[in-house]
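# Chain and residue survey
Okay, here's what each chain looks like letter by letter:
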Amino acid sequence: MVETIQWTDAGVVMIDQRRLPREQIFVTCKSYKEVAEAIRNMTIRGAPAIGVAAAMGVALGAMEGADFETVCKTLAATRPTAVNLFWAIERMRRVHTASNGDLALLIEEAKRVRWEDIAICESIGRNGASLVPDGKTVLTHCNAGALATAGYGTALGVIRAAVSAGKKIDVLADETRPFLQGARLTAWELQHDGIPVKLITDNMAGYFLHSGRVGCVVVGADRIAANGDVANKIGTYSVAVLAKENGVPFYVAAPISTLDLNIASGAQIPIERRADSEVTHVFGVPVAPENIEVENPAFDVTPARYVTAIITERGIARAPYADSLRSL
Ligand code: MRU
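In this text, all values refer to a predicted model and were calculated from it rather than measured experimentally. (Residues numbered from 1 in each chain as written. Predicted model: local features only at pLDDT ≥ 70, side-chain atom pairs only at ≥ 80, totals over all residues. Heavy atoms only, no water.)

## A word on the pairing of strand β5 (residues 170–174)
The criterion, for reference: Any residue under 20% of the maximum accessible area for its type is buried, any over 50% is exposed, and the rest in between are partly exposed; the area is computed with a 1.4 Å probe on protein chains only. Secondary structure counts use DSSP, requiring at least four H or I residues in a row for a helix and at least two E residues in a row for a strand, with both numbered from the N terminus. Here the rule is simple: two strands pair whenever DSSP picks up at least two bridges between them. Whether a crossover is right-handed depends on one test, that the path from the first strand over the helix to the second runs clockwise when the strands point away from the viewer.
In terms of burial, β5 is a largely internal element, 4 of the 5 residues being buried. In this sheet, β5 lies alongside strand β4 (residues 137–140) in parallel orientation, the contact comprising 4 bridges. Across the sheet, Val-138 pairs through a bridge with Val-171, a residue of β5. Traced from β4 through helix α6 (residues 155–164) to β5, the parallel crossover comes out right-handed. By the bridge criterion, 4 bridges tie β5 to strand β6 (residues 197–200) in an arrangement that is parallel. In the strand pairing of β6, Val-171 is matched with Val-197. This β-α-β element, β5 to helix α7 (residues 181–193) to β6, shows right-handed connectivity.

## Quick notes on helix α4 (residues 83–99)
Formally: The span expected for a helix works out to 1.5 Å for each residue beyond the first. Contacts are residue-level and defined by heavy atoms, with any inter-residue pair within 4.5 Å sufficient.
Taking 1.5 Å per residue, 17 residues should reach 24 Å; α4 reaches 25 Å between its end C-alpha atoms and fits that length. Residues of α4 that are buried: Val-83, Asn-84, Leu-85, Ala-88, Ile-89, Arg-91, Met-92, Val-95 and Ser-99. Elements that come into contact with the buried residues of α4 comprise α1 (32–40), α2 (47–64), α3 (68–76), α5 (103–129), β8 (223–225) and β11 (259–260). Positive backbone phi, at 60°, marks Asn-100, one or two positions downstream of α4.

## Some details on unusual backbone geometry
For the bond running from Leu-20 to Pro-21, omega is 0°, close enough to zero to count as cis. Note on placement: Pro-21 falls in the loop between β2 (11–15) and β3 (26–29). For the peptide bond that leads from Arg-177 to Pro-178, omega is 5°, which places it in the cis range. Note on placement: Pro-178 falls in the loop between β5 and α7. Located in the positive-phi region is Thr-176, a residue other than glycine, with phi close to 70°. One can find Thr-176 in the loop between β5 and α7. By relative accessible area, which is 0% here, Thr-176 ends up buried.

This is the structure we're talking about:
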């Protein structure tokens, strides 16, 4: 699988996810400001991958001799919803404080955030594989795969582990308007791995969930509140409601670093608003009248009552989530 993000002598190298699947272009960020811009403009995206990028951005800032608090503030201001961003910055801050800003230790920690994330995704996969029904279809939304993490993926990690365990499954990937992470990234990743995948438009999900063909839904998360409410890519909530209505289990796969137990419910999760042009244009081509007003929330919150289970590297949480998440 292609590397999502790496620390190299030349800088932080990431595959440009805006160009996939048509071009595989790697960009090298040589400063913390370039890392911040890469997170903001979605060169790199997906909650765990954003966390890894932020950790590496902090290390780059230290190498540049920039003011530590300015570096942290700049990176924290990029995208508001994925809590992994703030988790990674706090982790780097702890090392900075404990080591009095030791550069080698900061770089080491940033690299550790990356390789730990791969191991965490593999554990999530192992823990979730048994939940995937054999011989059925798995529906997923957005991209919670290797590209959204340091490697292997969360939701796609569960799918990969189920396939490795010998289960005969196939995948329906929602295209995920407006940024098309499903069409561009999930479809590409699974095709690359030889996992049977069919691409559908978002408005087909209800049709397939009603058909009896889908054995479960597995998605990732950007932030999970203490009560089990889940923020994830816009459209996830609609899929969750349709899954419940049709008796299809709805699973969320996420690392512990995506839990935000400081907030009681999803109502407190900040929802990022992105540019109108993501809605009015497709690949630069206008599809709406000029000057049309637009709404573009990038995430929605799925209330915990629609979530059958939350799969983490430490085990599987079920309702009541206030207890099960805290004990994990
Ligand atoms: O806007 P994005 O592409 O960063 O949104 C990504 C998602 O919503 C993912 O499902 C989530 O971050 C989990 S990634 C393992």
